[in-house]
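Secondary and tertiary structure notes
Residues per chain, in single letters:
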Amino acid sequence: MKRKESQRFCVLMLLLCLSVGEEMVNADSDPQPNFVLMMVDDLGIGDIGCYGNDTIRTPNIDRLAQEGVKLTQHIAAAPLCTPSRAAFLTGRYALRSGMASTGRVQVLLWTGCAGGLPSNETTFAKILQEQGYTTGIVGKWHLGMNCESRNDYCHHPNHHGFDYFYGLPFTLFNDCKPGEGTDVLADVQEKMRHVFQLLALAVLTLVCVQLTGLSPVRWRVIALLAVLYALGFGLWYFPFGLLQTWNCILMRNQEVVEQPMNLETVGERLVNEAESFIKRNHERPFLLFLSFAHVHIPLSPSKDFAGKSKHGLYGDSVEEMDWMIGRIVNLVENLELSRKTLMYFTSDHGGHIEDRDARGQKGGWNGIYRGGKGMGGWEGGIRVPGIFRWPGKLPAGRVIDEPTSLMDVYPTLAGLARGELPKDRILDGRDLMPLLEGKVQRSEHEFMFHYCGAYLNAVRWHPQNSKDVFKVHLLTPNFSPKGAIGCYDTKICHCHLGFVTHHDPPLIFNLSEDPSESMPLSPTGDPRFPEILRRVREAIEKHRETLTHVPHQMSWRNILWRPWLQPCCGTFPFCSCVEKHN
C-alpha cells in the first residue's frame, strides 16, 4: 500500500515538474516585443483630433488612439526640451542627473558645449541593448555631444545605449532658417551688437581725428584699440553670428553629414531613416525612438503640405507630422509586426504659446489647459498626449484618466524586455502595463513633482481611495505684459528669482473638477485646504530627502560654446557639407 502511494506521489510530482517546466519554457520562449516610440517636439495637447481638435486633420494619430489606449493625464517631467527628454530616457527627474538649471538658460544652447546627459546615467536603451535589442534613435537628441574634445562623444546617443543615430544632435532654432531671427540669448546679442557699434564708432572717430592732426593719441595706441576691438568682436560674432553652422546640423552616428542642414528636406529624410531602420531589423527585437523635429519652430512644411491646413504653417506642420506617423504605422503592419510591436506617441511638453510674429501664432494650442511651454507647473506646459497601441495585447479604445508620466515608459519597456532596472539609483517612473491592460484601475503615482529648471513649482496629489487630483502651486511664472496669459515680453517664461511669484499660502486646484486651473480653492472657505497642504508638504519633505548632489550640467560653464568641442565636417572653422539623398 505504501509502495503504491509512493508511486502515485512520484507520478504527481513528475507531472507537476513537467507542467511547471512547460510554463517556464513557454514564458521564456515568448518573443520580446518591438518598441516604436514617437515623440513630437512642442506639440500642444489641443492640436490633435483625438484630444478635442476639430480643425487640424490628424487621422493617423486618431487611429492609434482608436486601436490602443489613450491617456488623458499624461505628464512631462519638465516644460522644456532638454530636462524633459533627460527624464524620459532615464525614468528620473532631470534634477537627479544634473540636467536642471538654476539660472535663465534651461536647455543646451550649442552643440559645441560641455554639458549633457552624464555617462553614468542608464537609459532604457542601455537596458534593452543588454537584452539583445538593436536600438536606434532617429531625429532630435538635444542632450549634449562632447565633454573635453571634439571626438570624445561622451554625451552622444551611441554612448547612451543607441546602436544607431541619425538626426539632429541639437534641436531646431529660428537661427536654422534665414530671416526668422534668433532664439539664443537674443537680448544679450542685441546688447552686444549695440556695444560693438558704439566701440566701432569710437575707433573710427579716433582715426579721423588723428588724420586731421587734432588728436594727441598715437597711431600705435589706436592700432592696439583696433586689435582689441577685433578680438572682442570675434569672441561675440563667431559663437552667435554663425549659429546656423554650429547648431543646425545632421549626423549619422558620429559623422556630421550636413552642415548646415536643409530644413525643407529634413522631415522626409528622418521618416525615411526610420523606415530603413525598421526594415533592417524587423527579424529581431528592436527599439526605435523616432524623435521628430516637427513641430518646433522654425516651421518648414514640405511643398506637399504647405498651405493645406486651416492654421497656417503650424497646422501644415502638424498634418505633415501625422502623415509621417501613418507611414511608420503602415510599415509595421505591412511587415506583419503589429501584434508584437508596442507603439507609443507623445510630445516632450506643451505648445509654445508666446511664439508669434506679424503673421500670427507660430506655436501650438494646449486646449483648455492653462499655460504652455516653459511655464513651470501650469498644466498647459506639461500635460501631453499619451497613446499606446499593441493589437492583441492592449484593449482598443480604452481611455485612462489616471495621472501618468513620460518617465513611466522607462520601467514599462524594461519590464516587457525582461531587463533589470538599476538598483543603485532612485527611479521616478512606474510600470504602466497593469494600468494599460486593465489589471489595475489606479495609477501608482500618488504624488508627482513639477519642476521648472531646478525649482519645484507644483505638486500633484491623487489621494488614495479618491478620484480627485489636486495641484498645489508653490510658485508660478510672472506673465507679461500685465494681464497676459504668457511671458510675451521675454518670449518664454523664466524660472528663477525675479521672474516668479511665491505663493503663501500656495494655490490649490482640484484638477478633477477644474482642469483649466481657473478656480483655486479658498484657504479659509474650503475645509479640504489644510489637509491637502499638510499632505503635500510631507511629500515634498520626503522627496527632497531622496535628492543628492550631482555635477551641474546646465551651468554657464557647461552650456557656453567651446570651439574645440564643435562637431564639424571639413576643417574647423570651415565646416560645410551637403548630404547626398534621393
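Residues numbered from 1 in each chain as written. Predicted model: local features only at pLDDT ≥ 70, side-chain atom pairs only at ≥ 80, totals over all residues. Heavy atoms only, no water.

1. Observations concerning the side chain of aspartate 408
Of note, aspartate 408 is situated in the loop between strand E13 (404–405) and helix H11 (409–416). Here aspartate 408 is buried and forms no salt bridge, its nearest opposite-charge partner arginine 430 lying at an N-O distance of 6.2 Å. When neighbours within four sequence positions are excluded, aspartate 408 is seen to be in contact with Gly429, Arg430, Leu432 and His445. (Helix = DSSP H or I, 4+ residues; strand = E, 2+ residues; numbered from the N terminus. Buried < 20%, exposed > 50% of the residue type's maximum accessible area, 1.4 Å probe, protein only. Lys, Arg positive; Asp, Glu negative; His and termini not counted. Salt bridge = Lys/Arg side-chain N within 4 Å of Asp/Glu carboxyl O. Contact = heavy atoms within 4.5 Å.)

2. A closer look at the confidence of the model for the protein
In this model, the protein carries an average pLDDT of 91, and 94% of its residues clear a pLDDT of 70 or more. Every residue in residues 14–29 scores below 50 in pLDDT, and together they form two contacts with partners more than four places removed in sequence or on other chains. (pLDDT = per-residue confidence, 0-100.)

3. Quick look at the domain arrangement of the protein
When the domains of the protein are assigned, the result is domain 1 (35–172 + 248–565) and domain 2 (186–241). Domain 1 and domain 2 are separated by 45 Å when their C-alpha centres are compared. (Domains from an automatic or database assignment.)

4. Overview of the sheet that holds strand E14 (residues 447–452)
Spatial strand order, E14-E15-E16-E17: four strands in an open sheet with antiparallel pairing. Edge positions in the sheet fall to E14 and strand E17 (500–510), since each of these pairs with one other strand and no more. On average, each strand axis in the sheet is inclined to that of its neighbour by 20 degrees, with strand direction left out of account. Examined bridge by bridge, strand E15 (residues 455–461) and strand E16 (residues 470–477) share four bridges and lie antiparallel to one another. Residue pairing for E16: alanine 458 is matched across the bridge by histidine 473. (Pairing = 2+ DSSP bridges. Axes fitted to C-alpha atoms, helices over the stretch in contact; angles between N-to-C directions.)

5. Some details on the packing of aromatic side chains
Within this structure, the stated rule accounts for 21 aromatic pairs. Between phenylalanine 88 and phenylalanine 124, the aromatic rings sit 5.4 Å apart at their centres with planes inclined by 85 degrees, giving edge-to-face as the arrangement. Of this pair, phenylalanine 88 sits in helix H3 (residues 81–90) while phenylalanine 124 is found in helix H4 (residues 124–130), placing the two residues 36 residues apart along the sequence. Classification of phenylalanine 88 as buried rests on a relative accessible area of 1%. For the ring pair phenylalanine 88 and tyrosine 344, a centre distance of 6.4 Å and an interplane angle of 15 degrees mean the geometry is stacked. In this pair, phenylalanine 88 sits in helix H3 while tyrosine 344 sits in strand E8 (residues 341–347), placing the two residues 256 residues apart along the sequence. The exposure class of tyrosine 344 is buried, given its relative accessible area of 1%. (Phe/Tyr/Trp six-rings, centres within 6.5 Å; stacked < 30°, edge-to-face > 60°.)

6. Some remarks on the state of the cysteines
Inspection of the entire model under this criterion finds six disulfides. Disulfide pairing is shown between cysteine 147 and cysteine 154; the S-S distance is 1.8 Å. Handedness of the cysteine 147-cysteine 154 disulfide follows from its S-S torsion of about 95 degrees: it is right-handed. The thiol of cysteine 113 is not disulfide-bonded; the next cysteine sulfur, from cysteine 147, is found 9.7 Å away. (Disulfide = S-S within 2.5 Å.)

7. Here we look at the pattern of salt bridges
According to the stated counting rule, one finds 33 salt bridges in the structure shown. A salt bridge links arginine 269 to glutamate 579, with the shortest nitrogen-to-oxygen separation between them at 2.8 Å. With arginine 269 in helix H8 (residues 263–281) and glutamate 579 in the segment after strand E19 (574–575), the pair connects residues that are 310 residues apart, well separated along the chain. The residue aspartate 526 makes a salt bridge to arginine 528 at a minimum N-O spacing of 3.0 Å. Residues joined in a network through salt bridges with shared partners are Arg252, Glu258, Arg269, Glu273 and Glu579.

8. Things to note about the nonpolar core
Judged by nonpolar contacts, the single largest core of 51 residues is most densely connected at Met38, Leu43, Met261, Met321, Ile325, Ile328 and Phe345. Only strand E1 (34–40), helix H2 (59–67), strand E4 (164–168), H8, strand E7 (286–291), helix H9 (312–334) and E8 provide two or more residues apiece to this core. If we skip the residues at most four places from it in the chain, methionine 321 touches Val40, Leu43, Ile61, Phe292, His294 and Phe345. Of all hydrophobic cores here, the second largest spans 50 residues; its members include Met39, Val69, Ala86 and Met145. (Core = buried A, V, L, I, M, F, W, Y, C linked by side-chain atoms within 4.5 Å.)

9. A short note on the environment of leucine 128
Secondary-structure assignment places leucine 128 in helix H4. Linking leucine 128 and phenylalanine 572, residues 444 residues apart in sequence, is a C-alpha distance of 36 Å. When residues no more than four places from it in sequence are discounted, the contact partners of leucine 128 are Phe35, Tyr133, Thr135, Leu287, Leu413 and Ala417.

10. Regarding the packing of H2 against H9
Viewed as axis vectors pointing N to C, H2 and H9 meet at an angle of 50 degrees, and their least axial separation amounts to 7 Å. Our classification of the angle between H2 and H9 gives oblique. Residues Pro59, Asn60, Ile61, Arg63, Leu64 and Glu67 of H2 lie in contact with H9, whose contacting residues are Met321, Asp322, Trp323, Ile325, Gly326, Val329, Asn330 and Glu333. Looking at the contact of H2 with H9 residue by residue, the classes come out as seven nonpolar, three polar and four charged. (Parallel < 35°, antiparallel > 145°, perpendicular 65-115°, else oblique. Nonpolar A, V, L, I, M, F, W, Y, C, P; charged D, E, K, R; others polar.)

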